[in-house]
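Architecture and fold: a report
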Amino acid sequence: MTHHFSEDELTLYYYGEGRRRHDIERHLESCAACAATHREIAGTLAMIAAPEVPERGDQYGLEVWQRIRHKLPEPEPSAWSTLTSLFRPGRLAIAAAAAIVVLAAFTAGRVWPRLPAAGTPQPVTTTAAGSMTAGSDSRQRILLTSVADHLDQSERVLTDIMNAPRGDISAEQRWANDLLDASRLYRQDAVDAGERSVAAILDDLERSLIEIVNSPSKISAADLEQIRRRIDAASLLFKVRVMSDELRKREDAPDRSTPRSSTSTRVTS
Amino acid sequence: MDATEAAAVLARARQGDSDAFRALVEQHSRSVFRLAFRMTGNEQDAEDVVQESFLRAYRQLGRFESRANFGTWLYRIVSNCSVDLMRSKQARHDQVRGDSLDEGAMELPAADVPGPERMAQSAEIDRRVQHALQELSPLERAAFTLRHYEGRSIDEISATLGLGTSAAKHSVFRAVKKLRIALAPLRSQES
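Remember, predicted model here, so these are calculated numbers, not experimental data. Position numbers for residues start from 1 in each chain and track the written sequence from start to end. Think of it this way: whatever chain is written first is A, whatever ligand is written first is 1, and the rest follow in order. In keeping with the model being predicted, local features are shown solely for residues with a pLDDT of at least 70 and side-chain atom pairs are shown and tallied solely at 80 or more, while totals for entire chains, interfaces and linings include all residues.

1. Topic: the overall build of chain A
Only DSSP runs of H or I covering at least 4 residues are called helices, and only runs of E covering at least 2 are called strands; the numbering of each starts at the N terminus. Check the secondary structure of chain A and you find 11 helices and 4 strands. Exposed residues have 12 or fewer other C-beta atoms within 10 Å of their own C-beta, buried residues have 20 or more, and residues in between are partly exposed; the C-beta atoms are placed from the backbone. Taking all 269 residues of chain A together, 23% fall into the buried category. What counts as a contact is two residues whose backbone-derived C-beta atoms lie within 7 Å of each other. A separation of at least 24 residues holds for 74% of the contacts in chain A among residues at least 6 apart in sequence.

Written as structure tokens, this is what we have:
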């Protein structure tokens, strides 16, 4: 009894695959039915020529890069890169600076008495909760000062970018890069302190700083214009200025109300 | 870019160096576009696949093993992005289509079968081939593209699309069956 081969086997044979190629070859010479099926398969597949792919020029890779570079997400870090990134010199310096700020805030909170404002009832903190509140206020005050300074510096970088001529922006990029790590730390501090509006502006600022840092140093007019449009669209310069002013006022305010208004102080006579 | 330089660029890209990743994008964009176009059959879709593939690659660079070949790894990402895009388009168009063979659905209206003169025109053949390819499910189309246009073996198709060997093989078989049915009018006109 003659064994015929299935369409699937003949398809694999057409593509040069399958384990029984010699058997099939011999069979096709003697079996008209299988040979006809094979001819039909081959004839159909021969009609399907590779489509002509539209031409893409030498600059295509660069065009793709321009399209995606603003959308690049945070890569999923490998364990090794996470470990090594912690010990980069720049990161160490930033971490050391942040540690000093935290230490200063902690010390200030423990040592400095809370200064009463003239003409206002004097809150006397006699409980443990009261001591914590005084410390928290000092830390908050240092955070406000630091963030206001940071916003002022960032404003200067953004202003430079808004007014920079087309060409080399490497100086602005280095400056933006220095501010970037600090910006992340302050944003996190602001989140922890419940300063949501500050955190939101720092978040916007961080995006613009990243964009500036990741742009080519020798920037084209079009790319520079794109960065400026984003800064404009987010009203970033305006927001940064207003927030910086607001933080300065809060620094100077004798009895400021903070987003965490659940401070418990007792007034004693 | 020689092998040593390529390895160095790749290593820097894996550490988050965007300039290095840019070099990889510039190096591979055209081949990525070619595969994406063959997979999707549409220029705009291919461009979308190119972008999404590189973004996905960037996100997953940490998972890439340096011993592996970046081009092969990227090829896999492009293939799967293409399948994802075709699936989402299919879902959007609410085209309910199982993987099972539905011969009725493959038949073109009788009035649409062109006469012998038009059959001789290769443009008309191409049009009908493209139509037939569009009728395949995303997985069938991807498997067929890899086998027929890209010359990949069943084992390679299986690895690229993350399928078992049997599933990869049957995706190709189903595609070929559907194409034979769809293109039968052309064959009968020819003979």
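From this point, the discussion proceeds with the structure in view.
2. A word on the overall build of chain B
Broken down by element type, chain B carries 10 helices and 0 strands. In chain B, the succession of α and β elements from N to C terminus is α-α-α-α-α-α-α-α-α-α. Put simply, 67% of the contacts in chain B that link residues at least 6 apart link residues at least 24 apart.

3. Quick look at helix H8 (residues 170-192) of chain A
Within an α-helix, residues lying three or four positions from one another point in the same direction, as the helix has 3.6 residues per turn. Residue and element names in this part refer to chain A. To estimate the expected span of a helix, subtract one from its residue number and multiply by 1.5 Å. Counted at 1.5 Å a residue, the expected span for H8 with its 23 residues is 33 Å, and the 33 Å between its end C-alpha atoms agrees. Note that the bend at a residue is defined as the angle between axes fitted to the seven residues ending at it and the seven residues starting at it. Taken as a whole, H8 carries its principal kink of about 25 degrees at Leu 180. Just beyond H8, the residue with positive phi is Gly 194, at close to 75 degrees.

4. Regarding the interface of chain B and chain A
Of the residues lining the interface, 40 residues belong to chain B; the matching set on chain A comes to 32 residues. With 11 residues, helix H2 (residues 18-40) of chain B is the largest single contributor of residues to the side of chain B that touches chain A.

5. Digging into the confidence of the model for chain B
Residue and element names in this part refer to chain B. Summarising the model, chain B shows a mean pLDDT of 83, and 82% of its residues fall at 70 or more. Note on scores: pLDDT gives the predictor's confidence for each residue, bounded by 0 and 100. Low confidence marks residues 101-111, where pLDDT is under 50. Its contacts with residues over four positions away, or in another chain, come to 9 contacts. Interface confidence for the predicted complex, given as ipTM, is 0.82, next to a pTM of 0.54.

6. Structural notes on the packing of helix H4 (residues 60-68) of chain A against H2 of chain B
At a minimum axis distance of 7 Å, the contact between H4 of chain A and H2 of chain B shows a crossing angle of 125 degrees. Relative to H2 of chain B, the element H4 of chain A is oriented oblique. Viewed along their axes, H4 of chain A and H2 of chain B form a crossing whose handedness is right-handed. Counted together, Tyr 60, Gly 61, Leu 62, Val 64 and Trp 65 of chain A of H4 of chain A and Arg 22, Val 25, Glu 26, Gln 27, Ser 29 and Arg 30 of chain B of H2 of chain B form the full contact between these two elements. Classifying every residue of the contact of H4 of chain A with H2 of chain B gives 5 nonpolar, 3 polar and 3 charged. Angles here are taken between N-to-C directions and fall from 0 to 180 degrees, while the axes themselves are lines fitted to C-alpha atoms, restricted in helices to the stretch in contact. These descriptions rest on fixed angle ranges, namely under 35 degrees for roughly parallel, over 145 for roughly antiparallel, 65 to 115 for roughly perpendicular, and the rest for oblique. Crossing handedness: left-handed means the near helix sits turned counterclockwise from the far one by under a right angle, and right-handed means the same turn made clockwise. The classification used treats Ala, Val, Leu, Ile, Met, Phe, Trp, Tyr, Cys and Pro as nonpolar, Asp, Glu, Lys and Arg as charged, and all other residues, Gly among them, as polar.

7. Description of the nonpolar core
A general feature of soluble globular proteins is that nonpolar side chains tend to end up buried together. As used throughout, a nonpolar core is a set of buried Ala, Val, Leu, Ile, Met, Phe, Trp, Tyr and Cys residues joined through C-beta atoms within 7 Å of each other. Within the largest apolar cluster, 59 residues are counted, with the highest numbers of intra-cluster contacts made by Ala 36, Val 50, Val 78, Ala 143 and Val 172 of chain B. Per-element accounting of this core gives the leading share, 10 residues, to H2 of chain B. Those residues within four positions of Ala 36 of chain B in sequence are excluded, and the remaining contacts are Ala 46, Val 49, Val 50, Val 78 and Ser 82 of chain B. Counting 27 residues, the second largest nonpolar core, distinct from the first, contains Trp 175, Leu 202, Ile 227 and Val 240 of chain A.

8. Concerning helix H8 (residues 138-149) of chain B
All names here are of chain B. For H8, with 12 residues, the first-to-last C-alpha span of 16 Å sits near the 16 Å given by 1.5 Å per residue. Most of H8 sits out of view: 11 of its 12 residues are buried. Every buried residue of H8 is accounted for by Pro 138, Leu 139, Glu 140, Arg 141, Ala 142, Ala 143, Phe 144, Thr 145, Leu 146, Arg 147 and His 148. Just beyond H8, the residue with positive phi is Gly 151, at close to 65 degrees.

9. Observations concerning the confidence of the model for chain A
All names here are of chain A. Mean pLDDT over chain A: 75, with 70% of residues reaching 70 or higher. Across residues 113-132, confidence stays below pLDDT 50; counting only partners more than four residues off in sequence or on other chains, it has 20 contacts. Long-range and interchain partners of residues 256-269, a stretch whose pLDDT sits below 50, account for 18 contacts in this model, where long-range means more than four residues apart.

10. Here we look at the environment of Arg 38 of chain B
If you trace the backbone, Arg 38 of chain B turns up in helix H2. Distance in space between the C-alpha atoms of Arg 38 of chain B and Ala 142 of chain B is 8.9 Å, their sequence separation being 104 residues. Once you skip the residues sitting within four places of it in the chain, Arg 38 of chain B turns out to touch Ala 50, Pro 51 and Val 53 of chain A together with Thr 145 and Tyr 149 of chain B.

11. So, the packing of helix H9 (residues 196-214) of chain A against helix H10 (residues 221-233) of chain A
Residue and element names in this part refer to chain A. Contact geometry of H9 with H10 gives a least axis separation of 11 Å together with a crossing angle of 175 degrees. The orientation of H9 relative to H10 falls into the category roughly antiparallel. Counted together, Ser 208, Glu 211 and Ile 212 of H9 and Ile 227, Arg 230 and Ile 231 of H10 form the full contact between these two elements. Residue classes in the contact of H9 with H10 are distributed as 3 nonpolar, 1 polar and 2 charged.

12. Things to note about the environment of Asp 19 of chain B
With respect to the secondary-structure elements, Asp 19 of chain B resides in helix H2. For Asp 19 of chain B and Val 9 of chain B, which are 10 residues apart along the polypeptide, the C-alpha to C-alpha distance reads 8.9 Å.

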